[in-house]
Amino acid sequence: MSEEKKILYSGMQATGSLTLGNYLGALKNWVKMHEEYECFYGVMDLHSLTVRQEPAKFRQNARKLYALYVAAGLDPEVNCVYFQSHVSAHAELAWILDCFTYMGELSRMTQFKDKSQKHADNVNAGLFTYPVLMAADILLYQAHVVPVGVDQKQHLEITRDIAERFNKIYGDVFTVPEPYFGENGAKVMSLADPTKKMSKSDENVNATILLTDDRDTVIRKFKRAVTDSDAEVRFAPEEKPGISNLMEIYGSVTGKSHEEIESEFAGKGYGDFKLAVGEAVADELAPLQERYEKLLADKSYIDDCIRRNDDKARYVSNKTLRKVKKKVGLLEV
Ligand code: TYM
């Protein structure tokens, strides 16, 4: 690992296809990060087990997520893009950190509260300790920075708390990480209900743009996006959440500021604006989808990248794990 670069860590759950929210809130920002940071990105398949998965489909989805990472521009030759479940240090450190995390702080996690409501028949212990595994992911690599969407803010806070608590007892073992939120798109909202986050688990297909949606579907979903009843393209998240969300998306894809968008659409109706957003998103996704199709056809290339990067991740994470085991007093022979 190069000496001078700081370390960056992030990842996504390996469930289903990715949404435009995952892309604009996280993946799009990751692509250039390697210029400044030594980067590690996991396919977080252990986290996905907190919800019941159909094994064959789950396996396929996990490889597809890897291919999407690469298709979006994450070069596996310069970034360590690997599988969480292939590196046993994650589960080992998570157990140790479980013993340094309090029931009270885990009960306050909003994601736990939301997910236990959604999956009331399966409120398992993994769902409860999910943030501890996430802390282990990040702390194993001594990450300085973690680029995520704002929905992960609370998980980053608990990661910092756990790291600081551990360091206070045992000395400087872990780097305390900082979250990194992109300027635009850190919280992409549902197209059907702009007061809710766009989420891959949404049952309404029109609420969510998938990265694998074709051009016509993307444009159709934007045309149907819920907005208000006046006709002014103006950024006002409280008063006009639907239009403001579309402006965020358009700005994130085209690089235009809110003011530039407002003047571009001054005097035009919502129809023109929605079409422009749909076309801009479809244009952004087209090259990604083309690369994705090619990568899916080349399973051996993907598997080879996974193997090589798993090795690197094992090497780096084991250094931290060994140190932690020694600090807490586990016997080495
Ligand atoms: P996950 O898989 O839910 O989401 C992956 C990333 O996408 C971001 N995101 C969004 N950003 C903007 N708008 C949205 N509507 C939107 N929906 C999702 C998320 O903030 C996230 O950055 N717990 C993590 C996975 C994880 C992880 C980690 C992340 C496990 N270990 C270590 C960072 C570091 C999660 O469930 O992300």
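Procedures and definitions
- Residues numbered from 1 in each chain as written.
- Predicted model: local features only at pLDDT ≥ 70, side-chain atom pairs only at ≥ 80, totals over all residues.
- Heavy atoms only, no water.
- Domains from an automatic or database assignment.
- Contact = heavy atoms within 4.5 Å.
- Buried area = accessible area lost by both parts, 1.4 Å probe.
- Salt bridge = Lys/Arg side-chain N within 4 Å of Asp/Glu carboxyl O.
- Helix = DSSP H or I, 4+ residues; strand = E, 2+ residues; numbered from the N terminus.
- Expected span 1.5 Å × (residues − 1).
- Bend = angle between axes of the 7 residues up to and from the residue.
- Core = buried A, V, L, I, M, F, W, Y, C linked by side-chain atoms within 4.5 Å.
- Buried < 20%, exposed > 50% of the residue type's maximum accessible area, 1.4 Å probe, protein only.
- Near = heavy atom within 4 Å.
- Polar contact = N/O pair within 3.5 Å; in protein donor to acceptor, adjacent residues only side chain to side chain.
- Areas by Shrake-Rupley, 256 points an atom, 1.4 Å probe, with all protein chains shown as cover.
- Nonpolar A, V, L, I, M, F, W, Y, C, P; charged D, E, K, R; others polar.

**Student:** For the domain arrangement of the protein, give the residues involved together with the corresponding values.
**Tutor:** By a widely used convention, the size of an interface equals the accessible area lost when the partners come together. Here the protein is described as being made up of domain 1 (6-186 + 299-328) and domain 2 (205-293). Using only C-alpha atoms to locate each centre, domain 1 and domain 2 end up separated by 30 Å. Facing 14 residues of domain 1, the contacting portion of domain 2 comprises 17 residues. Taken together, both faces of the contact between domain 1 and domain 2 bury some 1,400 Å²; the carbon and sulfur share is 64%. Broken down residue by residue, the surface that domain 1 buries against domain 2 is led by Leu20, Ala71 and Asn184, which jointly contribute 37%. At the boundary of domain 1 with domain 2, the tally comes to one salt bridge.

**Student:** Got a sec to walk through helix H12 (residues 270-296)? Specific residues and values, please.
**Tutor:** With 27 residues, H12 ought to run about 39 Å at 1.5 Å a step, and its terminal C-alpha atoms sit 37 Å apart, in line with that. At Ala286, H12 is bent by approximately 30°, the largest bend along its length, and proline Pro287 sits one to four residues beyond.

**Student:** Kindly report on the nonpolar core, identifying the contributing residues and their values.
**Tutor:** Note that soluble globular proteins tend to have their nonpolar side chains buried in a common cluster. Of all hydrophobic cores here, the largest spans 60 residues; its most connected members are Tyr69, Phe222 and Phe273. Here this core gets eleven residues from one element, more than from any other, and that element is H12. There are two domains that each give this core at least three residues, and those are domain 1 (6-186 + 299-328) and domain 2 (205-293). Among residues more than four places away in sequence, those in contact with Tyr69 are Gly11, Met12, Leu27, Trp30, Tyr41, Gly42, Val43, Leu74 and Val81. By size, the runner-up hydrophobic cluster in this structure holds 42 residues, among which are Phe100, Val132, Leu140 and Ile162.

**Student:** Please set out the site of the ligand residue by residue, giving values where relevant.
**Tutor:** Taken together, 27 residues lie around the ligand, and Tyr130, Asp137, Gly149, Asp151 and Val188 are the ones closest in. Asn22 has a polar side-chain atom sitting 3.1 Å from an oxygen atom of the ligand. Asp151 has a polar side-chain atom sitting 2.4 Å from an oxygen atom of the ligand. Protein contact buries 96% of the 710 Å² of open area that the ligand shows by itself. When residues of the shell around the ligand are traced back to their parent elements, those giving at least two are strand E1 (6-13), helix H1 (20-30) and helix H7 (125-140). Tallying contributions element by element places E1 first for the shell around the ligand, with five residues. For the shell around the ligand, the residue count by class is twelve nonpolar, ten polar and five charged.

**Student:** So what about the side chain of Thr50? Which residues, and what values?
**Tutor:** Along the chain, Thr50 falls in the loop between helix H2 (45-48) and helix H3 (55-71). On the accessibility criterion, Thr50 (7% relative accessible area) is buried. Beyond its immediate chain neighbours, meaning those up to four positions away, Thr50 contacts Asn122, Asn124, Gly126, Leu127 and Tyr130.

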